[in-house]
Amino acid sequence: MQVSVTAAEVRNIVLRVLSRHGAVVQDLSEIEERIRISDGRRVAHVFRTDDYMAMWMIDVGLLQFYDAEGNMLVTINLMLMSPAGRVAA
C-alpha cells in the first residue's frame, strides 16, 4: 500500500527533523538524496548529510532517522499523519 504523501512533503520533513537533531543544513540542496529501485519500482528514498541519514520506506509509509553511528533517532509513520501534521513534523 502506498502512502499519499509527496516526495516534496517528505523532503521538507527530513530537513526539519534533521535540523532539530543537530544537523547543520540550511536547505534541501545540502542533503544528498538517492532513490532505491527494486524490480523496477521505487521502494525507498535515502537522505544523507555528513552525520545523519534518513530513509523513507515508501510501501510501509515509514520515515526513519539515524545518527552517524547508525543509532535510530526517530521513526515517523507517515500513514498516521494528517496533511497538517506533515507541515508540523
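Here the residue numbering is sequential within each chain, running from 1 through the sequence in written order. Only residues with pLDDT of 70 or above have their local features reported here, since the model is predicted, and side-chain atom pairs are shown and tallied only from 80 upward, although totals for entire chains, interfaces and linings are computed over all residues. Note that water and hydrogens are dropped before the side-chain values are worked out from all heavy atoms of the structure.

Draft legend 1. Examining the overall build of the protein chain more closely. A tally of helices and strands in the protein chain yields 2 helices and 5 strands. What counts as a helix is a DSSP run of H or I of at least four residues, what counts as a strand is a run of E of at least two, and both are numbered from the N terminus. In the protein chain, the order of α-helices and β-strands from amino to carboxyl end is α-β-β-β-β-β-α. For the protein chain, with 89 residues in total, the buried portion stands at 38%. Note on contacts: a residue pair is in contact if any heavy atoms of the two residues lie within 4.5 Å. Sequence-distant contacts, at least 24 apart, represent 35% of the contacts inside the protein chain between residues at least 6 apart. Counting every atom, the protein chain has about 5,300 Å² of accessible surface; 52% of that belongs to carbon and sulfur. Burial classes follow relative accessibility: with a 1.4 Å probe on protein chains only, a residue under 20% of its type's maximum area counts as buried, one over 50% as exposed, and anything between as partly exposed. Under the convention used here, a 1.4 Å probe and the Shrake-Rupley method define accessible areas, while residue burial counts only the protein chains that appear.

Draft legend 2. Representation of unusual backbone geometry within the structure. With a phi close to 50°, D39 is a non-glycine residue in the positive phi region. Following the sequence through the fold, D39 ends up in the loop between β1 (32-38) and β2 (41-48).

Draft legend 3. Up close: the pattern of salt bridges. The salt bridge definition used is simple: a Lys or Arg side-chain nitrogen within 4 Å of an Asp or Glu carboxyl oxygen. Summed over all chains, the structure comprises 3 salt bridges. A salt bridge links R11 to E33; its shortest N-O distance comes to 2.7 Å. Taken together, the positions of R11 in helix α1 (residues 7-20) and E33 in strand β1 put the pair 22 residues apart, joining distant regions of the chain. The class for R11 is partly exposed, based on a relative accessible area of 26%. Using a relative accessible area of 28% as the deciding quantity, one classes E33 as partly exposed.

Draft legend 4. A look at the nonpolar core. We call a set of buried Ala, Val, Leu, Ile, Met, Phe, Trp, Tyr and Cys residues a nonpolar core when their side-chain atoms join them within 4.5 Å. Counting residues in hydrophobic clusters, the biggest one holds 21 residues, and the most contacted among them are V10, V14, W56, L63, F65, I76 and L78. Of all the elements in the fold, those that place two or more residues in this core are α1, β3 (52-57) and β4 (62-67). If one sorts the elements of this core by residue count, α1 sits on top with 7 residues. V46, M53, M55 and Y66 belong to the second largest nonpolar core, which has 5 residues in total.

Draft legend 5. Representation of the pairing of β1 in the model. Where β1 and β2 come together, 7 bridges link them in antiparallel fashion. Residue pairing across strands places R34 opposite V46, the latter belonging to β2. Should DSSP find at least two bridges between two strands, the strands are regarded as paired.

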